[in-house]
Amino acid sequence: MTATLVARGLAGGYAHRTLFESLDLTVAPGDVVGVVGANGAGKSTLLRLLAGILAPQAGTVSMAPTDAFVGWLPQEHERVAGETISGYIARRTGCAEATREMDAAASALADPEPRPTGQDPADVYSRALDRWLASGAADLDDRLPIVLAELGLRLGADLAEDTPMTALSGGQAARVGLAALLLSRFDIVLLDEPTNDLDLDGLERLEAFVRGLRGGVVLVSHDREFLARCVTRVLELDLAQNANRVFGGGYDSYLAERETARRHKREDFDEFAAKKADLVGRARTQREWSSQGVRNAMKKAPDNDKIRRKASAESSEKQAQKVRQMESRINRLEEVEEPRKEWQLEFAIGSAPRSSAVVATLSAAVYRQGEFTLGPVSLQVNAGERIGITGPNGAGKTTLLRALLGRQAPDEGTAGLGASVRIGEIDQARALLAGDRPLSTSFEELLPDLSVAEVRTLLAKFGLKADHVGRPVDELSPGERTRAGLALLQATGVNLLVLDEPTNHLDLAAIEQLEQALESYQGTLLLVTHDRRMLENVTTDRHWSVDAGQVTQG
């Protein structure tokens, strides 16, 4: 089935705050709309509105046909306690809900008692059966192991359809989430950060899937290369200007058009401001001349000199008329609103004194975790080196980082960490900041040398203000937790910077700021990322490729 989604005059937000309003969007078959904007601009909120999960503050969302199948992939993989891989995929593909509806319709059809709804049970069952078939539930069990195997998740002794989702690693959960998407048969697909935690192979599969869909797609992503390869239009939610706009063309076209539009807005305002300032200045001068003329006339003219008094009055009236004309010209100026300055992350990595010449070494080191083995591996990290690390999910990249940082003892071989090494880290799980304590409390404990006011000032520079600092850390969004981690890096001097998928959940502007900060950082860098543009933009001296527990150096 092909379907069209139409949003008209849509407004969304939370509590009493409106994040966007007067939003119009039509998603036809074949459209791939990329939604971009700063963290907190309402991108995830918009997807929930389009999916019917949230009610809009204003406006409408409609589907044609009305029974079209809409699928929503949320930002973070929901791992429900007790839910198995097959149960998770059935829920995410909509097959579980379609099966429940069909079972309920079948029960109603078999019930001899008439239903008060007035609907014919046979019609209800027929619609439910059509929806069940359209969802792909009929052959889901047959397709499931094939797709999982294609993604490197072979069902066997260690992994089965009844394996709990909570028992999977982050990379495995990401691939199961991708499998759910590949197995889905939605008419409209809504994707919220689908690239998070995917390796390069997963990204290529996701891109092929999105480009091959016949139905419409609305996606939120901060992966610039993914956006450039997939989207046909871009919807920008501009929180600073309280505006939204749809740009035709792909992502790179949007960047160029947005820059041109912003430049024209600034030029229009500057022209208006200059013209208004000139007219106001001239009006002020005319008023001064008029006032001065009246004062001079009063001083010079005798009481009985009627002719001079008349001439002075006429001159003053002419000056006053010029003032009124100038003020009229000012009032007739078409007002141009000044573009509001967008909040921008200004980020620098705090530096520490240089470490020892050798930062970390592994010598024939072997690390075992269940059935997985990393090594034997022999590596050396020297002070000031910048090393990029890539590899498939589950290949051992995170284990390698733990080994280099001395957080896991080798089962064989030796490992060593140099002297005076000050480590700064953003790990994949953002585990340094977690728990039910307020953000400000967590920061004060991590940065005991800073006062409460200094902690709040630091967090505010990273867009974490009064409504964030008092909230429990676990209630912050993934992007907010990542920015808090960047704030720690700025406040703490480091000479070994370890970043494990740092772009996950960051908005585009923050990613660009992070790249700039990395260019000026002088210490040792270990960068694990699947962000292809970051790999191009950040200078590295060496490249390590991790695959199946082995490390090759490039």
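Our subject is the structure that appears above.
A short tour of the structure in this document, coming up. (Residues numbered from 1 in each chain as written. Predicted model: local features only at pLDDT ≥ 70, side-chain atom pairs only at ≥ 80, totals over all residues. Heavy atoms only, no water.)

Let us now look at the pairing of strand 16 (residues 524-528). Burial runs high along strand 16: 5 of the 5 residues are buried. Burial of strand 16 is two-sided: the residues Thr-524, Leu-526 and Val-528 facing one way and the residues Leu-525 and Leu-527 facing the other way are all buried. Summarising the sheet, strand 12 (residues 386-390) and strand 16 pair through 4 bridges and their orientation is parallel. Considered in strand 16, the bridge of Arg-386 is made with Leu-525. The pairing of strand 15 (residues 496-500) with strand 16 spans 5 bridges and is classified as parallel. Of the residues in strand 16, the one forming a bridge with Leu-497 is Leu-525. (Buried < 20%, exposed > 50% of the residue type's maximum accessible area, 1.4 Å probe, protein only. Helix = DSSP H or I, 4+ residues; strand = E, 2+ residues; numbered from the N terminus. Pairing = 2+ DSSP bridges.)

Inspection of the secondary structure puts Asp-238 in strand 8 (residues 233-238). According to the relative accessible area criterion, Asp-238 is buried, its value standing at 13%.

Attention now goes to the packing of aromatic side chains. Aromatic ring pairs are reported here in terms of the distance separating the ring centres and the angle at which the planes meet. One pass over the structure, following the stated rule, counts 3 aromatic pairs. For the ring pair Phe-247 and Tyr-254, a centre distance of 5.0 Å and an interplane angle of 75° mean the geometry is edge-to-face. Residue classification places Phe-247 among the buried residues on the basis of a relative accessible area of 2%. Look at Tyr-254 and you get buried, because its relative accessible area is 1%. By the ring-pair criterion, three or more aromatic residues cluster together here, those being Phe-247, Tyr-251 and Tyr-254. (Phe/Tyr/Trp six-rings, centres within 6.5 Å; stacked < 30°, edge-to-face > 60°.)

Take unusual backbone geometry next. Cis geometry marks the peptide bond from Ala-64 to Pro-65, where omega comes out at 0°. With respect to the helices and strands, the residue Pro-65 is situated in the loop between strand 4 (58-64) and strand 5 (70-73). Along the chain, Gly-375 connects to Pro-376 via a cis peptide bond; the corresponding omega equals 5°. Checked against the element boundaries, Pro-376 lands in strand 11 (residues 372-382). Positioned with a positive phi, Glu-193 is a non-glycine residue whose angle comes to about 50°. With respect to the element layout, Glu-193 can be found in the loop between strand 6 (188-192) and helix 7 (200-212).

As a further point, take the sheet that holds strand 15. Taken together, the 6 strands give an open sheet; going across it, the order is 14-15-16-12-17-18, and neighbouring strands pair in mixed fashion. The open sheet is flanked by strand 14 (423-426) and strand 18 (550-553), the only strands paired with a single partner. Shown here is a sheet whose adjacent strand axes are inclined to one another by a mean of 15°, direction ignored. (Axes fitted to C-alpha atoms, helices over the stretch in contact; angles between N-to-C directions.)

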